[in-house]
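Residue-level listing of the chains:
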Amino acid sequence: MARRDVHAARRILAQNVRRLRLARNMSQEDLAHAAELSQDQISDIENSKHSVTLDNIQRLAFALNVRVAELLDD
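Residues numbered from 1 in each chain as written. Predicted model: local features only at pLDDT ≥ 70, side-chain atom pairs only at ≥ 80, totals over all residues. Heavy atoms only, no water.

A. Representation of the environment of Ile12. Its place among the elements puts Ile12 in helix H1 (residues 8–23). Classification of Ile12 by relative accessible area gives buried; the value is 16%. For Ile12, the contacting residues outside a window of four places in its chain are Leu71, Leu72, Asp73 and Asp74. (Helix = DSSP H or I, 4+ residues; strand = E, 2+ residues; numbered from the N terminus. Buried < 20%, exposed > 50% of the residue type's maximum accessible area, 1.4 Å probe, protein only. Contact = heavy atoms within 4.5 Å.)

B. Examining the nonpolar core more closely. Core analysis: the largest hydrophobic core is formed by 17 residues, its most contacted members being Val17, Leu31, Leu60, Leu64 and Leu71. Those elements that provide at least two residues to this core are H1, helix H2 (28–35), helix H3 (39–46) and helix H4 (54–64). Discounting residues that sit within four places of it in the chain, Val17 has contacts with Leu31, Ile45, Glu46, Leu60, Leu64 and Leu71. (Core = buried A, V, L, I, M, F, W, Y, C linked by side-chain atoms within 4.5 Å.)

C. Main features of the pattern of salt bridges. In this structure the tally under the stated criterion is 3 salt bridges. The shortest N-O distance in the salt bridge between Arg18 and Glu46 comes to 3.3 Å. Placement of the pair is Arg18 in helix H1 and Glu46 in helix H3, with a sequence separation of 28 residues. Note on Arg18: relative accessible area 32%, which makes it partly exposed. Across the salt bridge formed by Arg21 and Glu46, the nearest N and O atoms sit 2.6 Å from each other. Placement of the pair is Arg21 in helix H1 and Glu46 in helix H3, with a sequence separation of 25 residues. Both residues of the pair, Arg21 and Glu46, count as buried. (Salt bridge = Lys/Arg side-chain N within 4 Å of Asp/Glu carboxyl O.)

Interpretation note: all reported values are geometric properties and have no functional meaning in isolation.
As structure tokens, this is what we get:
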């Protein structure tokens, strides 16, 4: 049986957050402020370092003006 990639969603989220942030010409600090998170948290999210709570995913979606599903879409 093939090993499941349990970190795939984390990587997808990281790629989408970075892509959307850059498309909006936002710095990590700008996004952190808009999402009420720290710049370190944004960096960790974009580098797939830690799991992200659903609450924080919702904060990111709101700050980036997208649906939560768009952050998790491959």
